[in-house]
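Given next are the chains, with one letter for each unit.
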Amino acid sequence: MKRAFFLQIFLLLIFVSNGATTDKNIEFHEFEYWNKLLGYDLSSDGNWAFWRLQYGDNVDSLFIRSTKGTKIYKYASASIPEFSKDGKWIAFSVPVPQTSGESTLSYQIKLVELATGCEKVFTGIERFSFSPNGRFIVLSSSGSQALSITLRELASGRSKSFVGIGEYAFSPDDRYLVYAMDAPESDRLSQIEIADLTDFRTTFPNIPKGRYTKLKWTPYGILLMKSKPEADVVIWEPVRKRLKVLSETIKQLLPPEMEISLGYTPVWSSDGKVLFFGLSRKRGTMTEAENKVEIWHWKDQEIMSRQKDRYYENIAQSRLCAWRPAENEWMLIEDSTMTGILAASADGTYVLCSDDRKYRPHFREPVRDVFLKNTRTGAIRPILDSTVLYPRFSVGGKYVYYFRDSLWRITDVATGQTVSVSLGANRPLADKTYDGAIDAVPSWGSLGIVNGDREFLFYDEYDIWSVTLPALKYKRLTHGREAGIRFRKMGKESFVWNGSQLLIGKSDSGEIGIYRYSTNGNHIRLLYGRNMYSRLIWDAKKKSCLFAQEDNTAPPILYYASDNCKVKRVLATTFKNCNQPKIEKSVLVSYTDNRGNKLQGALFFPANYQPGRKYPMVVKLYEKLSQQLDCFVYPSSRDAYNSMNYILQGYFVFLPDVTYERNHPGESAVACVTNAVRSVESLCRDIDPTRIGIIGHSWGAYQAVYLAARTSLFAACIAGAPLTNMISMYNSVYWENGKSNQELFETGQARLRQPWWEIPEHYRQNSPVFFADKINRPLLMSFGMEDRAVDWRQGLELYLTMRRLRKPCILLAYPNEGHTIGEIDNEKDQTRRFIQFFSTYLKGETAPSWIENGCPYMEKRVVSLKETEKSLSGGK
């Protein structure tokens, strides 16, 4: 009997082996043609630059080079490099030599003096950082109980170790270090100490015993949060040796069920007169109910899944309070009259509050009333009713501003007077390209009220404008409209009115420029062209910079530039010395949607393109992708949607923009993409119109499947995690955050503004599953079976329908994977299958067995059994 069983298995294995088609080995050329630029930085004095290059999997090097000379240092497999604040030192992590037995860690920290090349190695160190002013390097390691740090003074080399400390903070001038000495015994509390770093003398401020966290040295004193024996906030002023304790101010006024929140980090107002802190429900007051049943009630303000998702957030939620230590006063700001705090003025006198209770439950965007509250008197003043807008304070707190009805509105906080900012009908401030689902059309953006609250900076479609307050005198700071260039500020810092301010300008034809701002409007152009510029890093004086330049044909090249970028020097390239494929410059394709909106798409040519030869094309979808026109994409065996993979495989790749009409998402995609494909076919006759495939993930996958159902443009379709049935998707949960998809549909990407029973035909007309009988070309879908964004049952609905219709459809289902496939073997498997699918249906290559016949469950089990038998027999 046993022999007969194994005979059957043997015959079945022969059958499976003979019936399988050998998969073609796919070359992804990862690291074959190009290295990868991982990161770079410039020292504060501009004299040194570092960068990292990756040559292959887990193979990389750190390069450190003088920008004024030829000196260069190289370190293999180095990571997390950082310059000291004065630019004279660099530290980084390197692997511990295999022969070394000094450390249990696999890495060690190396410190290098840049001028001399002298090195110092530190073993057993988990992390490092430089002190705020760069006087010390801080070397940290964790023991079984608490942290230990060593301070090494960079200039002298002298060091001091602090063993068994908790948290620590430097004074702004790097002269002092405050820290909590944690006792190893659990029943003892930490002691606060302050070390003078000039001679390492230690003082012990008269601070109550307790366990302290979130130590911060501010201009207004050392701020400490106490967690034991009770929650508290303490301020110690080292110069005056004065102590302020929050609990002494609150005294008996603290609500009995509340305590000072440990989850809210106290924040000073700009003048140091007000300290904002939080109150939260007392710890340990929550108990689990014995009955585990969940009651999903129709009156719930949030559905049960959302309540569960936000449980820990809600129980730790803080109610904002204001403490004035000098006056020994405090106020509960976030009281029963409101449900949220939006912002506080710089001096802490006012806060913007919201109340949404009368609008609950929210089935669409969270509508609320907004009002202004005085933190000293408690007086409130309405600002906005029934709004989704988020008003903001000016930098100095004198004004509140917001965008409503295509105008900027600016309210004087003291007087309540509101003025409107507009440029007239010929220069609309509302973003005319907005195609989202929310009714409040946004502005082109603003830079806020700056310059001592005297000027409001805002954008129109092309330019940056200034208007003085309260006189409302307008000035155009750039002149991009005439040249067709959209100017915007670079960087996150506040706008500065001198040449250190950088602007970025993008032309309608795709060129990008970097400019140095000039008050006379003659901005100095530093860089310009059909390129992408990544991370311009300037020295402290804004005299020299480091940047990476790329386009779709060439990976990033690292440049050092000076004299307003007139003098440029290549520091690093990522090309390898081999026969690289020829990549053509991408082309910007123009077209219009069915409503006359002007759109663009990015067309990429196949590697080693030969004019006159017919090529297949892959169309990749999401929303607006034309901005990737000049981005270089490294090939990857782990990225199934990688454009370069297909370019190297001999495909055109097209990335069109899609805009949407509300309640018509799929139909809008058809209108846009159909016109886009026709335009690109007219532009390039070497695209074979009978061999065009379409691909997308998530929202892009939905559109790909819908286009496959409603058009005959595409010979094959690949969709990763697509929505297929808008009605069932609407009535499901977005498990990533516990919300219902009803909210996301009516206010988000789906752009279906009413529930399905009010506009059932719109839901049906935009659902691919209802047009499955019209899908006449092969379809491949891929899902993670633990997808918490788009339930994989969306794929099952369409797969089962297609199977019933006897139409070619394959569903890849990856266990234990989410919305994006993340396990390395699964990533590679998905990428390989996607390429094989397009090779089969766009190139006419022989289909592998999984496409032709599938992979029956029994076949998988038999193969598994064979491997088991092999291992039991010692591999024979």
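Note that the structure is a prediction, hence the values are computed from the model and not measured. (Residues numbered from 1 in each chain as written. Predicted model: local features only at pLDDT ≥ 70, side-chain atom pairs only at ≥ 80, totals over all residues. Heavy atoms only, no water.)

Caption draft 1: Structural view of the nonpolar core. Core analysis: the largest hydrophobic core is formed by 61 residues, its most contacted members being Leu-603, Met-617, Val-619, Phe-652, Phe-714, Phe-745 and Leu-798. Examining the composition of this core, we find that 9 residues originate from one element, helix H7 (residues 699–710), more than from any other. Every residue in contact with Val-619, bar those within four places of it in the chain, is listed here: Phe-654, Pro-656, Val-677, Ile-692, Gly-693, Ile-694, Ile-695 and Phe-714. Among the nonpolar cores identified, the runner-up in size contains 39 residues, and Ile-695, Leu-812, Ile-821 and Trp-850 belong to it. (Core = buried A, V, L, I, M, F, W, Y, C linked by side-chain atoms within 4.5 Å. Buried < 20%, exposed > 50% of the residue type's maximum accessible area, 1.4 Å probe, protein only. Helix = DSSP H or I, 4+ residues; strand = E, 2+ residues; numbered from the N terminus. Contact = heavy atoms within 4.5 Å.)

Caption draft 2: Spatial organisation of the pairing of strand S39 (residues 512–516). Within S39, 5 of the 5 residues are buried, leaving the element largely enclosed by the surrounding structure. Side-chain alternation along S39 places Ile-512, Ile-514 and Arg-516 on one buried face and Gly-513 and Tyr-515 on a second face that is also buried. Linking strand S38 (residues 502–507) to S39, which pair antiparallel, is a turn of 4 residues; within it Gly-510 sits at a positive phi near 105°. Where S39 meets strand S40 (residues 524–529), 5 bridges bridge the pair, whose relative direction is antiparallel. What sits directly across from Arg-516, in S40, is Ile-524. (Pairing = 2+ DSSP bridges.)

Caption draft 3: Geometry of the sheet that holds strand S8 (residues 119–122). Strand order in the open sheet formed by 4 strands is S5-S6-S7-S8, and the pairing between neighbours is antiparallel. With partners counted over all chains shown, the strands left at the sheet margins are strand S5 (79–83) and S8, one partner each. Looking at each pair of strands side by side, their axes are set apart by 20° on average, direction ignored. Bridging between strand S6 (residues 89–95) and strand S7 (residues 107–113) involves 7 bridges; their strand directions are antiparallel. Among the inter-strand pairings, Ile-90 is bridged to a residue of S7, identified as Val-112. (Axes fitted to C-alpha atoms, helices over the stretch in contact; angles between N-to-C directions.)

Caption draft 4: Focus on the side chain of Ser-544. Of note, Ser-544 is situated in strand S42 (residues 544–551). A polar side-chain atom of Ser-544 sits 2.6 Å from a polar atom in the side chain of Asp-539. Among the polar contacts made by the side chain of Ser-544, one reaches the side chain of Tyr-560 at a distance of 3.4 Å. Discounting residues that sit within four places of it in the chain, Ser-544 has contacts with Leu-42, Gly-46, Ile-537, Trp-538, Asp-539, Tyr-560, Ala-561 and Ser-562. (Polar contact = N/O pair within 3.5 Å; in protein donor to acceptor, adjacent residues only side chain to side chain.)

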